Amino acid sequence: MKASKISTIVIVVALCFAAGYGIGRLITSTAEDSEDKKITSIISQMTLEEKCHYVIGTSSRKCESDQELEDILAIKRTVPGVAGTTRPISRLGIPGILLADGPAGLRINPTREGDENTYYCTGFPVGALLASTWDPAAIEKVGEAMGNEVLEYGVDVLLAPGLNIKRNPLCGRNFEYYSEDPLIVGKSAAAMVRGVQSNGVGTSIKHFAANNAEINRLFSDSRVSVKALREIYLKGFEIAVKEAQPWTVMTSYNYLNGPYTSENPELLQTVLRDEWGFKGMVMSDWGGGQHPRLQIAAGNDLIESGKDWQYEDVLAAVKDGSLSEEALDKCVARILKLTMKTPRYNGYEYSSKPDLEAHAAVSREIAGQGVVLLKNEGGVLPLEEGAAVKVYGRNNPYKLYAGGTGSGDVHKTHTIYLDEGLEAAGFTLNDDADIAVINLRRQAGEGTDRHVADDFNLTEAEQGWISEAREAGKKVVVVINSGGVIETASWKDKADAIVMAWMPGQEAGHVIADVLSGKVNPSGCLPETFHESYEAVPAQNFPAMELPEGVNNSFYRESEVQLHEVPNVDYQDYIEGVYVGYRYYTTFNVPVSYPFGYGLSYTTFEMSDYKARISGGTVKASVTVKNTGERAGRKVVQIYLSRPEGCGAPVRELKAYAKTAELAPGESCTVELKFPAADLASFDEASSAWVAEAGDYTLSLCEDSATELAAATVKLGKTYVKKVADVLHTEGDLFIGTYDPEKLL
Ligand code: BGC
């Protein structure tokens, strides 16, 4: 073909493409324009009272007419057990929409009065386990199944995922959250959001931000340096917003460096909307914040669950001029925009019959991918087929926790216990057995934090079972069924195998048996450190175990004015700065029991030919992974940035990770990873900018955060600087200020 003919074809194709693209954009923007016009028109027809009601959830029952009350009660009756709804405005054709928890699956009432049908939902593995898969595709699959239940049960927005950083292992909600590392947090959350929202329903990423403890959660100030906020506590939210555009964000209960998060325009407008480009709606946590007029002014569009006094406050503020009607209109517009996307507004006819069997299979499959094998001395696992096993545990030794308590709990049809799982896998349960399975079971939930004694640490009885089984000559297999990490350093020598099963969802017993039998070859890795002891944890400024009288859970120290009297109750100073979890342990060479990123397999892998380079603003790395053992398995590849010593940054930070597909024995594959060179930057408080100086950067291929396998150097040609708004400072001299590592050591 002649060159001129080829170029004509190219031009025609390009023009067609450009025209198509143009038309596509035109259609989108016309649709957006007409939606915006519709919203403007609706708002112009709303009375001031209607607008004020609309930004308050329907636990506020103050109504202008009997019909309005009837409409509210009707929407609340639609799906019993949802956490909240928005207010319907029937005269304008606006339905209320339904908002329901939560991170481990949809939470609605399983039964309804006068109705013989049941409405159970699938109990999926908790966030802690999902993050341990190190596999966003697996998390997305769970999200797809979860979102399908949201859609088919007639709910519009799932109040999940929870993505607060695990600053301290005692946080009562750590089971709902993903990791101590913001990259894992952000990637896991983005995957969950994509999965759920692929069903045409919304998510609410929560709790924005720095809600890292439960005690006095409504009245405690998280005082965090701007650097730690930017690099650690906000980063996961930033990734999730930019990569997955969640329909909504839920603000947290706590104060953050002074104001409540839900009352802070710097957080909600400057950072979330202006910098990150968030397009959705912001709602408060249930009962969060104390000044509704400030919440609306800050762009916290919806106040849940809603109280009459909140309505009165917003109304009075507009009337006395302290809140502009324009600000109120913006919030109303964003709730309307969300509403118009929902299945309810668009008349979706839900079945109330999602495929629970198919979802149970997803729950079991993905849970298996997140179980972490911590120890396997002498290859005691997998157990021999049909082996006899004695299970030790508290009360009913076979009992397992599928998930945590509170809003993160799911009404599921069943939880498979250990006996059922082991027997179904062909094992026999027998007190003369050679194998002892020690079931270390821990519950946790919203509203309280965990304790060191008998919770983070083992109970005397638990220590006793391990010793007893060992002395009786049994092989000791410890199974940890907990949403959070526990102490292992003092007893791990006495165990032959240790399996971190987290809270693996409703199929728990099967999930554990799958791993013990070898049906599943473990491939999970720790997304948080197993600390040497509680005392070693860098974030020691955490709600004390001995609380003043009257302060014993999340709601007790109520005060209309912000108190700064009791450290770690009225406020928490995050003096460890960016040195959370492994960032601290690797930088200051502090020993751990099992490092972040750690996880064994029943097979072995070899990694070779590791390379990294920067090209066109992207860091690209590749490595060959070979299964050198005798069983098929999957391997997580972890790449950390190591900065020069003494530059004040953590010596190791996770920058990229990927998990191979299942590799047969002898099989190998090349894993390619990439991330923007801009991610080499750290946050410089003095200039309020992300900065990466031109020069050499070391990217280490690691087995886990403590074990380097190979290193490569990449050269950044030009210094990278990205200025951001200088906001979110601590107020006055309350905060201790700059991080001083000596204080921790
Ligand atoms: C929790 C949220 C939850 C909400 C609605 C609050 O107590 O903190 O995570 O979504 O309740 O149930």
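Residues numbered from 1 in each chain as written. Predicted model: local features only at pLDDT ≥ 70, side-chain atom pairs only at ≥ 80, totals over all residues. Heavy atoms only, no water.

S.K.: Looking at this model, I keep getting lost on the overall build of the protein chain. Mind explaining?
M.R.: Secondary structure assignment for the protein chain yields 18 helices and 29 strands. Buried positions account for 60% of the 745 residues belonging to the protein chain. In the protein chain, 77% of the contacts between residues at least 6 apart in sequence involve partners at least 24 apart. Accessible surface, the protein chain: about 28,300 Å² in total, of which carbon and sulfur atoms supply 50%. Here the protein chain carries 72 positive and 102 negative side-chain charges, and the mean point of each set is 6 Å from the other. (Helix = DSSP H or I, 4+ residues; strand = E, 2+ residues; numbered from the N terminus. Buried < 20%, exposed > 50% of the residue type's maximum accessible area, 1.4 Å probe, protein only. Contact = heavy atoms within 4.5 Å. Areas by Shrake-Rupley, 256 points an atom, 1.4 Å probe, with all protein chains shown as cover. Lys, Arg positive; Asp, Glu negative; His and termini not counted. Charge placed at Lys NZ, Arg CZ, Asp CG, Glu CD.)

S.K.: Would you mind going over the sheet that holds strand β23 (residues 653-659) with me for this structure?
M.R.: Whenever strands of a sheet pair, they do so through backbone hydrogen bonds, lying parallel or antiparallel. Taken in spatial order, the four strands line up as β23-β22-β27-β28 in an open sheet, and their pairing is antiparallel. Either end of the sheet is taken by a strand with one partner, and the two such strands are β23 and β28 (707-716). Sheet twist, expressed as the average angle between the axes of neighbouring strands with direction ignored, equals 25 degrees. (Pairing = 2+ DSSP bridges. Axes fitted to C-alpha atoms, helices over the stretch in contact; angles between N-to-C directions.)

S.K.: Please explain the sheet that holds strand β2 (residues 98-100) as it appears in this structure.
M.R.: Strand order in this open sheet of six strands is β1-β2-β5-β6-β8-β10, and the pairing throughout is mixed. If you trace the sheet from one side to the other, it starts and ends with β1 (84-85) and β10 (281-283), each paired once. The pairing of β2 with strand β5 (residues 157-158) spans two bridges and is classified as parallel. From the neighbouring strand, Ala100 faces β5, where its bridge partner is Leu158.

S.K.: What am I meant to see in the layout of surface pockets here?
M.R.: To locate leftover empty space, one rolls a probe as large as a water molecule over the atoms. Estimated volume of the largest pocket: approximately 830 Å³. Lining the largest pocket we find 33 residues, and of these Leu183, Lys235, Ile239, Pro676 and Asp679 sit closest to its centre. In terms of residue class, the lining of the largest pocket is made up of 16 nonpolar, no polar and 17 charged. (1 Å grid on protein atoms, 1.4 Å probe; cavity = no way out; pocket = protein on both sides within 12 Å on 5 of 7 lines; lining within 4 Å. Points joined across faces, edges and corners; volume = space filled by probe spheres on them. Nonpolar A, V, L, I, M, F, W, Y, C, P; charged D, E, K, R; others polar.)

S.K.: Just to check I follow, could you spell out the site of the ligand for this structure?
M.R.: Neighbouring the ligand are 13 residues, the closest being Asp101, Arg173, His207, Asp285 and Glu446. At 2.9 Å from an oxygen atom of the ligand is found a side-chain nitrogen or oxygen belonging to Lys206. Coverage of the ligand by the protein chains reaches 91% of its 310 Å² of free accessible surface. Each residue belonging to the shell around the ligand can be placed in one class, and the counts come to five nonpolar, two polar and six charged. (Near = heavy atom within 4 Å. Polar contact = N/O pair within 3.5 Å; in protein donor to acceptor, adjacent residues only side chain to side chain.)

S.K.: Which parts of the structure should I look at to understand the nonpolar core?
M.R.: Burial of nonpolar side chains together is a common tendency in soluble globular proteins. Judged by nonpolar contacts, the single largest core of 153 residues is most densely connected at Ile108, Phe208, Leu381, Ile438 and Val478. Of all the elements, helix α6 (residues 182-197) adds the most residues to this core, at nine residues. If you look at the next biggest cluster of nonpolar residues, it comprises 43 residues, including Met46, Leu92, Ile296 and Ala317. (Core = buried A, V, L, I, M, F, W, Y, C linked by side-chain atoms within 4.5 Å.)

S.K.: Would you take a moment to explain the pattern of salt bridges for this structure?
M.R.: Side chains that differ in sign of charge can pair as their charged atoms come close. Tallying each qualifying case throughout the model produces 41 salt bridges. In this structure, the salt-bridge partner of Glu68 is Arg87, at a minimum N-O distance of 2.6 Å. You can see Glu68 sitting in helix α3 (residues 66-78) and its partner Arg87 sitting in the loop between β1 and β2, a full 19 residues away along the chain. By relative accessible area, Arg87 is classed as buried at 2%. The structure contains a network of salt bridges with shared partners spanning Arg173, Glu176, Glu214, Arg217 and Glu446. (Salt bridge = Lys/Arg side-chain N within 4 Å of Asp/Glu carboxyl O.)

S.K.: Even after reading the chapter, I still don't get the side chain of Glu176, so can you show me in this structure?
M.R.: Mapped onto the secondary structure, Glu176 falls in the loop between β5 and α6. Judged by its relative accessible area of 2%, Glu176 is buried. At 2.7 Å, the side chain of Glu176 forms a polar contact with the side chain of Arg173.

S.K.: Looking at this model, I keep getting lost on the packing of aromatic side chains. Mind explaining?
M.R.: A ring pair, where both rings are aromatic, is described by two values, the distance of the centres and the angle of the planes. In the structure shown here, the tally under the stated rule is 16 aromatic pairs. Judged by centre distance (5.2 Å) and plane angle (55 degrees), the ring pair of Tyr579 and Phe588 falls under tilted. Aromatic rings pair up to connect Trp134, Tyr582, Phe596, Tyr640 and Tyr657 into one cluster. Its guanidinium or amino end placed over the ring of Tyr574, Arg167 lies 3.9 Å from that ring's centre, counting from NZ or CZ. Of note, Lys390 hangs over the ring of Tyr392, and the distance from its end group to the ring centre comes to 4.7 Å. (Phe/Tyr/Trp six-rings, centres within 6.5 Å; stacked < 30°, edge-to-face > 60°. Lys NZ or Arg CZ within 6 Å of the ring centre and 35° of its normal.)

S.K.: What am I meant to see in the packing of helix α13 (residues 356-370) against helix α17 (residues 508-517) here?
M.R.: The packing of two helices is summarised by the inter-axis angle and the distance between the axes. The interhelical angle for the contact between α13 and α17, taken along N-to-C directions, is 45 degrees, at an axis separation of 9 Å. By the angle between their axes, α13 is oblique relative to α17. The two elements α13 and α17 meet at a crossing, and its hand is right-handed. Residues Arg364, Ala367 and Gly368 of α13 pack against His510, Val511 and Asp514 of α17. Its residues assigned to classes, the contact of α13 with α17 shows two nonpolar, two polar and two charged. (Parallel < 35°, antiparallel > 145°, perpendicular 65-115°, else oblique. Left-handed = near helix turned anticlockwise from the far one by under 90°.)

S.K.: Is there a simple way to think about the environment of Ile72 in this case?
M.R.: Following the sequence through the fold, Ile72 ends up in helix α3. Each C-alpha atom of the pair Ile72 and Ser523 lies 48 Å from the other, and the pair is 451 residues apart in sequence. Excluding residues that lie within four positions of it along the chain, Ile72 makes contacts with Thr58, Ser60, Arg61, Cys63, Arg87 and Pro88.

S.K.: What am I meant to see in the environment of Ile97 here?
M.R.: By secondary structure assignment, the location of Ile97 is in the loop between β1 and β2. Once residues lying within four places of it in the same chain are set aside, the contact partners of Ile97 are Gly84, Thr85, Thr86, Asp156, Val157, Leu338, Thr339 and Thr342.

S.K.: What is the right way to look at α3 in this model?
M.R.: Structurally, the α-helix is built with 3.6 residues per turn, so residues lying three or four positions apart point the same way. Across its 13 residues, α3 extends 19 Å between first and last C-alpha, which sits within 8% of the 18 Å expected from 1.5 Å per residue. Within α3, the full set of buried residues consists of Glu68, Asp71, Ile72 and Ile75. Axial view of α3: buried residues confined to an arc of 100 degrees, hence all on one face. Exposed residues lying more than 90 degrees from the buried face of α3 are Asp66, Gln67 and Arg77. Each element contacted by the buried residues of α3 is listed here: α2 (48-54), β1 and β2. (Expected span 1.5 Å × (residues − 1). Arc of directions from axis to C-beta.)

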